[in-house]
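Geometric and topological summary
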Amino acid sequence: MSKFKVTKAVIPVAGMGTRFLPATKAMPKEMLPLIDKPVIQYVVEEAVAAGLDDVLMITGRNKNALENHFDRATELEHTLTAKGDHGKLDKVQESTDLANVHYVRQGDPLGLGHAVLRAKAHVAEHSFAVLLGDDVIDSRDVLLAKMLEVHESTGSNVIALMEVDPDQIHLYGCASVVPTDDPDVVTISHLVEKPKNEDAPSNLAVIGRYVLRQEMFGVLEQTAPGRGGEIQLTDALQTAAADPSIAGGVVGVIFKGRRYDTGDKLDFIKATLRIGVDRSDIGEDLRAWLHDFAKEI
Ligand code: G1P
């Protein structure tokens, strides 16, 4: 198997979710539901849809609900079986049968780069994907499959980029890029984590999908704490972009589809509505209500 053939996904979910307090006081932010499915299930479904059914979650304290969600719920399953309620039983079992989910705890919360390093033993000598647990990519828009394809053909690390309002760029990793023959693919010349808006080299934001070569573990081990005193994945990728002989350089796939930052309250509501209006069960009623509501406000 080519060492650039990816089979494993790493999903860091150790963050505390402070933007959603008090909802996240006793529950992981990744368990908040978009309609009736927790955010984390959308992310795992995305990995599986791209062919990655070996999933490693980097967890922390208070994340037991996540493990329970992907495990059997024997008592509930028995009750639904006894009632003959197969529709609901399917819903309960869907997340259990979705993927092979593994867990490792992050331990000290030393940043995204540190969380990714915790995957080293599990992914061993292959390239792997990283999906940030609170970024949801609408399943109707393709991103990860394209990134895997670009990784296999170039052997470079691949990041996902999206144009954002220049006044939002301080919330993201930011890239300087050089075009390639493919209009959706760029070569990364420089990366900086959360620059001030006025210092940002572009309005291209790094969003939460990465395909990384295993050499990035070595780079991460050498990466000193950066912004916020944390080991930043962006800084390690900047090292790889600056010297392609280290880990094959970095390319970017420009995403123009629908991405929801479910860690942000407004984006969370937008995601609920965007997904809701196209649902076969509630979509029609929700659309009609939204039209009326829009006239009211
Ligand atoms: C992380 C990354 C950042 C990236 C962002 C995407 O930041 O460090 O480079 O732009 O995810 O969501 P966080 O949002 O975890 O602070």
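Residues numbered from 1 in each chain as written. Predicted model: local features only at pLDDT ≥ 70, side-chain atom pairs only at ≥ 80, totals over all residues. Heavy atoms only, no water.

The subject of this paragraph is the site of the ligand. Taken together, Leu112, Leu132, Asp135, Tyr172, Gly173, Glu193, Lys194, Val206, Gln232, Thr234 and Arg259 make up the full set of residues near the ligand. Measuring from an oxygen atom of the ligand, one finds a side-chain N or O atom of Asp135 at 3.5 Å. In this structure, an oxygen atom belonging to the ligand sits 3.5 Å away from a side-chain N or O atom of Arg259. Among the residues forming the shell around the ligand, the class breakdown is four nonpolar, three polar and four charged. (Near = heavy atom within 4 Å. Polar contact = N/O pair within 3.5 Å; in protein donor to acceptor, adjacent residues only side chain to side chain. Nonpolar A, V, L, I, M, F, W, Y, C, P; charged D, E, K, R; others polar.)

Here Thr7 is to be found in the segment before strand S1 (8-12). Taking C-alpha positions, Thr7 is 12 Å from Ala49, a pair spaced 42 residues apart along the chain. (Helix = DSSP H or I, 4+ residues; strand = E, 2+ residues; numbered from the N terminus.)

When you line up the elements, Val48 lands in helix H1 (residues 39-49). Under the relative-accessibility criterion, Val48 is labelled partly exposed at 26%. Residues Val48 and Ala99 lie 51 residues apart in sequence; the distance between their C-alpha atoms is 6.9 Å. Apart from the residues lying within four places of it in its own chain, the contact partners of Val48 are Asp53, Leu98 and Ala99. (Buried < 20%, exposed > 50% of the residue type's maximum accessible area, 1.4 Å probe, protein only. Contact = heavy atoms within 4.5 Å.)

Turning our attention to the packing of aromatic side chains. Summed over all chains, the structure comprises three aromatic pairs. An angle of 65 degrees between the planes, with centres 5.4 Å apart, marks the rings of Phe20 and Phe268 as edge-to-face. In this pair, Phe20 sits in the loop between S1 and strand S2 (33-34) while Phe268 sits in helix H11 (residues 265-276), placing the two residues 248 residues apart along the sequence. Like Phe268, Phe20 is buried. Ring centres of Trp289 and Phe293 lie 4.6 Å apart, and the angle between their planes is 15 degrees; this geometry places the pair in the stacked category. Here Phe293 and Trp289 lie together in helix H12 (residues 283-296), a separation of four residues that amounts to about one turn. Given the relative accessible area of 47%, Trp289 is considered partly exposed. (Phe/Tyr/Trp six-rings, centres within 6.5 Å; stacked < 30°, edge-to-face > 60°.)

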